[in-house]
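Structural features, examined
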Amino acid sequence: MESRLSPQKKLGNFSNIVIGALLAFSFFILIQFFNKTDVYHQHFFDHGKIWIAYNVCRSFFALFIIWILYATGNVILNIPHYRDSLSQFTLSERIVLSFGIGAAIWHIGLFILGEANLYYQTIMLAICLCILAISGSALKQVIGESIQNLPARTQTGRIAILPIISGAAIFIALAWLLVIRGLYVGGGGDYFTHYFYYYQNMVKNHGLAPNDVWYHYYYSKGAGLYFLGILLTDPEAPQLITFCFVAIAALSLKALITRINPRSIWPLVCPLLYILYNLIGLSDNGGEFQKIHEETTALVVICTWAISMYNLNPTEWRKPIFLMLATIMVAGAILTQAFVVFFAFFFAAALMIALIKRNWLNVRFYFFLGLISFIS
């Protein structure tokens, strides 16, 4: 039987395969760098080229983690049931949406793998490589839309300066945050007293079962992405994972304010304030990127974005927003119970308001979200 695909379609499919293969191969080489050099254990007190290469590779690893989580959520959103609802989302909004769904799925999946004592680098690497291999078309789409959005011009034909300044300032702030909180070796006494030892026992035992630091199972069993990072790189991975979540949370703030009031300075101010808080407000006695607290806070920001987006267009955007919030509620319950309790009360209050107003669309939306939160 002759293939009905046009030459352009065949070429497109081939390029998707090539791009996916390049992504997977690049990630494999990156992980091999961490395995072969083992900077954390063999060159921790060295300086010079080895540390420059190490931190460059760690920066690329953070980008890969963001992409893997995005690609996972993007696969789900390309199901026909959700695909038709995505046309009115901007690229930034789709990135936040896909990342949130992907992060939730990974948290749930990694928790199951941990309970089954399957925390092995080969398994984690194989899953990541499979996702990267099928994400070629998604990368082409993101790059294409990014290039298309670059020449932002006003009606008079002049280049819009404010979006460029806003994007550049946020990028610089995130780069500085990566250096200070993500790449710099950190962690206070509280972290190295018990958090760190639980993470290390998890790697040693290949699972989440209570170990020498038995009580930390109840605090850190949901930090699956931290464990993923440690298994693929080294014990300095948790702060990189937290940075990924903070970066997407900052993007969600920018996207939301841009949607609400695009011509103001607030799309610049709001994400910058959030990033600067993580830079300046977190002292050695406060939050640390090595713990799950800042990751959880970033998830709260992302969920706030989702709820706000739903209220802006409840009819068109209900399905993907509901999927994102529902999966995050399950993942959040694994991460920390306080997260899901907070949102359970919020959904209950929103449900009561919807009942009073007889807004049956909102009643169904918040009822099922509240039910999922309660069960979780």
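Procedures and definitions
- Residues numbered from 1 in each chain as written.
- Predicted model: local features only at pLDDT ≥ 70, side-chain atom pairs only at ≥ 80, totals over all residues.
- Heavy atoms only, no water.
- Helix = DSSP H or I, 4+ residues; strand = E, 2+ residues; numbered from the N terminus.
- Buried < 20%, exposed > 50% of the residue type's maximum accessible area, 1.4 Å probe, protein only.
- Contact = heavy atoms within 4.5 Å.
- Phe/Tyr/Trp six-rings, centres within 6.5 Å; stacked < 30°, edge-to-face > 60°.
- Core = buried A, V, L, I, M, F, W, Y, C linked by side-chain atoms within 4.5 Å.
- Patch = residues over 30% accessible without salt bridge, like charges linked within 9 Å, V, L, I, M, F, W, Y side chains within 5 Å.
- Areas by Shrake-Rupley, 256 points an atom, 1.4 Å probe, with all protein chains shown as cover.
- Salt bridge = Lys/Arg side-chain N within 4 Å of Asp/Glu carboxyl O.

Comments concerning the side chain of threonine 72
Assignment of secondary structure puts threonine 72 in helix H3 (residues 49-77). For threonine 72, a relative accessible area of 11% translates into the label buried. In contact with threonine 72, not counting residues within four places along its chain, are Gly102, Ile105, Trp106 and Ile131.

A look at the packing of aromatic side chains
Following the criterion strictly, the structure yields 27 aromatic pairs and no others. Ring plane angle 80° and centroid distance 5.8 Å describe the contact between phenylalanine 196 and tyrosine 197, whose orientation is recorded as edge-to-face. For tyrosine 197, a relative accessible area of 45% gives the class partly exposed. Judged by centre distance (5.2 Å) and plane angle (75°), the ring pair of phenylalanine 367 and phenylalanine 368 falls under edge-to-face. When its relative accessible area of 40% is taken as the criterion, phenylalanine 367 is described as partly exposed.

Some remarks on the nonpolar core
In terms of nonpolar packing, the biggest core is built from 122 residues, with Phe27, Trp305 and Ile321 touching the most fellow members. Those residues within four positions of tryptophan 305 in sequence are excluded, and the remaining contacts are Glu93, Val96, Leu97, Ser252, Ala255, Leu256, Ile321 and Met324.

Considerations on a nonpolar patch on the surface
On the surface, Phe367, Phe368, Leu371, Phe374 and Ile375 cluster together to form a nonpolar patch covering roughly 570 Å² of accessible area. With respect to the helices, strands and loops of the structure, phenylalanine 367 is situated in helix H17 (residues 360-375).

Some remarks on the pattern of salt bridges
If you walk through the whole model with that rule in mind, you get three salt bridges. A salt bridge links glutamate 145 to arginine 94; the shortest N-O distance between them is 2.3 Å. Taken together, the residues glutamate 145 in helix H7 (residues 136-149) and arginine 94 in helix H5 (residues 91-115) connect sequence positions 51 residues apart. Lysine 291 is paired through a salt bridge with glutamate 288; the nearest N and O atoms lie 3.4 Å apart.

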